[in-house]
Structures are given as C-alpha cells and as structure tokens.
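Next come the chains, spelled out residue by residue.
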Amino acid sequence: MAAAAVANIGLMDSAYFVGRGEILSWINATLQLSLGKVEEAASGAVQCQLLDMVHPGVVPMHKVNFDAKTEYDMIQNYKVLQDVFNKLRINKNIEVNRLVKGRPLDNLEFLQWLKRYCDAVNGGIMNENYNPAERRSKGCKERNHKGSNKSSKSLQANRLSCANSADGGILNSIPTTEKVCISTVTEDHYMEQIQQLSEKIADLKVSVDSTEKERDFYFSKLRDIEILCQRPELEHLPMTKGIRKILYAADAKDSSLSEANEIITRSPGVFSDEAECQATPKASYT
C-alpha cells in the first residue's frame, strides 16, 4: 500500500488488528526504548521520532520534548507532529485531546496506524544508519541551548524594564489605608472563588475519567461482538443479522430491538430444531 493511501485506511484494516505487544516491541526495537505500555507514548515524542526515522531531516527534533509530562508540553509535541504531517501532505486527523489523556485504546489505534505508515514508506526495513539514541540526545541539547538563550534575553529585558520604571513609579504606587483594606478583601474573595472552582474542576475530572473508562470498556465489548458477527460462518445467520441491526442502528432515540426480534422470528428454520426436539417423543426403554 502506498504511503499516501495509508491515511485513509478504515478500522477494519489489518493494521488495527496488530496487538499491543507487537506494537511495543516494534517501537522499542526501532527507537531503542523500553516502553511497557502504549499510553507511555501519549506525549507524542515517540511519534515524532518515528517520522524522523522514515523522513530524515523533516522533523525538527530540537522542538520535541521527550520529558513532556503536562498536557501543555505534550500538545507542543503534537503541534510539531501536525506540522510534519502538513509538510508531507499526510491527510490524517490527530485526536490530540484524546491522546494526551493517556487513554490506551486511542493511543494504540494511532500507533497501529503509524506502524502501517512507516512500513509503507520503507517497506518495513529499518534505516541502519539511523541512531535513535544519538538523535534524541542531539535534539535535547539543541532545545536546551535555545531555551537558555531565550531565558537570558527575557531576564535582561525584565531588568531593563524594572530599572526604567523604578524612579517614576515607586512614589506614585504607594496605596492609602483604604485601598489596602479593599485590596485585601477583594483578594480573599477571589482566592475563595478560585478554591471552590478548583474543587469543582477536580470533581469533574474524576467524573469524566470514570465515564471515559466505562465507555471504553463497553466499546471494546461491542467491538468484540462486531468482529464475531463478521465471521463468514456466522454472518448469514438470523441471530447475527439481528445483532448487527442493533449495532448499526443510526437513530439513538428509537430502539431497534423490535426490528431485530422480527428478523429472527420471521427467518425460516430458526426454531425448527428446537420444535422438532420438543415434538419427538423420547424413546422408552423397558
């Protein structure tokens, strides 16, 4: 399959049936890493380096942060990845908000797709001249060097600004007693509101995480049922058709259970074996 066509593969493509163990072994062997879970690649740094391996010189590795822990830092990595996608004209949507949450299913699917893309580019053959550890180390040094330059320039600008405003601003900024009291009361009020909102946000995060875990659990169960119903020896059965009728119902408001029951009931021979068994008297042995 050509690399340009990989972006459009569907969920039933064989790429999405590659197991987690195989994905992790491939990443660890290719990039000389020791990942134990697919969600450990949620920062986006691994994905950036995989593209750096198959497209040397395209990925600005000095912008990739392998130590990213916060969602903000992870999003910066995915911005780099999206820029690379744009350069290579890869028409693939990156679900950044889902990936940075570290959800196993979303990260697994993205890594499955990425493996198929890398295999399509280099035919599954790794670049022997590519040194992943050295590439990461070099990118990290360049990033730290540029970061230190920016910090020193910012510090100099702040010092210059403070020096210019010191003479004229200090005398005029002395508050009166009333201003001090008002400022204190207002600050306490805002701090209390911030505390309350922070607690609400924490509760919402717990609720969302619980809901997402429950959703992923039931999604995996439905996915297993869908795969089972697609087996050639089962897909023609009335029971299978009824199950698929429920699975693929487009209207979430109306239940498809009655239609599924009708499909099963009207199918000839569905209960024939059972009826014959009930109608046939048991042989008696004397």
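This one's a predicted model, so the numbers in the text were calculated from it and none came from an experiment. (Residues numbered from 1 in each chain as written. Predicted model: local features only at pLDDT ≥ 70, side-chain atom pairs only at ≥ 80, totals over all residues. Heavy atoms only, no water.)

A count of helices and strands for the protein chain gives 11 helices and zero strands. The secondary structure elements of the protein chain, listed N-terminal to C-terminal, are α-α-α-α-α-α-α-α-α-α-α. Burial analysis of the protein chain (286 residues in total) assigns 27% to the buried set. Looking at the protein chain as shown, the accessible area adds up to about 19800 Å², and 55% of this sits on carbon and sulfur atoms. (Helix = DSSP H or I, 4+ residues; strand = E, 2+ residues; numbered from the N terminus. Buried < 20%, exposed > 50% of the residue type's maximum accessible area, 1.4 Å probe, protein only. Areas by Shrake-Rupley, 256 points an atom, 1.4 Å probe, with all protein chains shown as cover.)

Turning our eyes to something else, we now look at the packing of helix 3 (residues 45-54) against helix 6 (residues 104-122). Between helix 3 and helix 6, whose axes approach to 10 Å, the crossing angle comes to 5°. When the axis of helix 3 is compared with that of helix 6, the two are roughly parallel. The residues of helix 6 that touch helix 3, namely those facing Q47, L50, L51, M53 and V54, are F110, L111, L114, Y117, C118, V121 and N122. When grouped by side-chain class, the residues that make up the contact of helix 3 with helix 6 number 10 nonpolar, two polar and no charged. (Axes fitted to C-alpha atoms, helices over the stretch in contact; angles between N-to-C directions. Parallel < 35°, antiparallel > 145°, perpendicular 65-115°, else oblique. Contact = heavy atoms within 4.5 Å. Nonpolar A, V, L, I, M, F, W, Y, C, P; charged D, E, K, R; others polar.)

Here we take up the side chain of H55. Along the chain, H55 falls in the loop between helix 3 and helix 4 (71-88). Among the residues examined, H55 registers a relative accessible area of 17% and is labelled buried. Excluding its chain neighbours within four sequence positions, the residues that come into contact with H55 are L88, Y117 and V121.

Angle between the axes and distance between the axes: these two values describe a pair of packed helices. Across the interface, helix 4 lies against helix 6 with an axial gap of 16 Å and an inter-helix angle of 35°. Relative to helix 6, the crossing made by helix 4 is left-handed. Contacts between helix 4 and helix 6 involve Y78, L81, F85 and L88 on the former and, on the latter, N107, F110, W113 and Y117. The residue makeup of the contact of helix 4 with helix 6, split by class, is seven nonpolar, one polar and no charged. (Left-handed = near helix turned anticlockwise from the far one by under 90°.)

The next subject is the pattern of salt bridges. In total, this model carries 10 salt bridges according to the counting rule given. For E226, the salt bridge goes to R223, with nearest N and O atoms at 2.8 Å. Taken as a pair, E226 and R223 lie in helix 8 (residues 177-229) at a separation of three residues, close to a single helical turn. For R231, the salt bridge goes to E233, with nearest N and O atoms at 2.4 Å. Note on R231: relative accessible area 41%, which makes it partly exposed. Residue classification places E233 among the partly exposed positions, given a relative accessible area of 41%. Look at the salt bridges and you will find they share partners, linking R103, D106 and E212 into a network. (Salt bridge = Lys/Arg side-chain N within 4 Å of Asp/Glu carboxyl O.)

Core analysis: the largest hydrophobic core is formed by 42 residues, its most contacted members being I27, L51, V59, L81, F85 and W113. For this core, the secondary structure elements donating two or more residues are helix 2 (20-31), helix 3, helix 4 and helix 6. Not counting the four nearest positions on each side in its chain, I27 is found in contact with Q32, L33, L35, V46 and L111. (Core = buried A, V, L, I, M, F, W, Y, C linked by side-chain atoms within 4.5 Å.)

To continue, consider the packing of aromatic side chains. For the coordinates displayed, the defined rule picks out four aromatic pairs. Ring plane angle 10° and centroid distance 6.0 Å describe the contact between F110 and W113, whose orientation is recorded as stacked. Within this pair, F110 and its partner W113 are both found in helix 6, separated by three residues, close to a single helical turn. The exposure class assigned to F110 is buried, which follows from its relative accessible area of 6%. By relative accessible area, W113 is classed as buried at 0%. (Phe/Tyr/Trp six-rings, centres within 6.5 Å; stacked < 30°, edge-to-face > 60°.)

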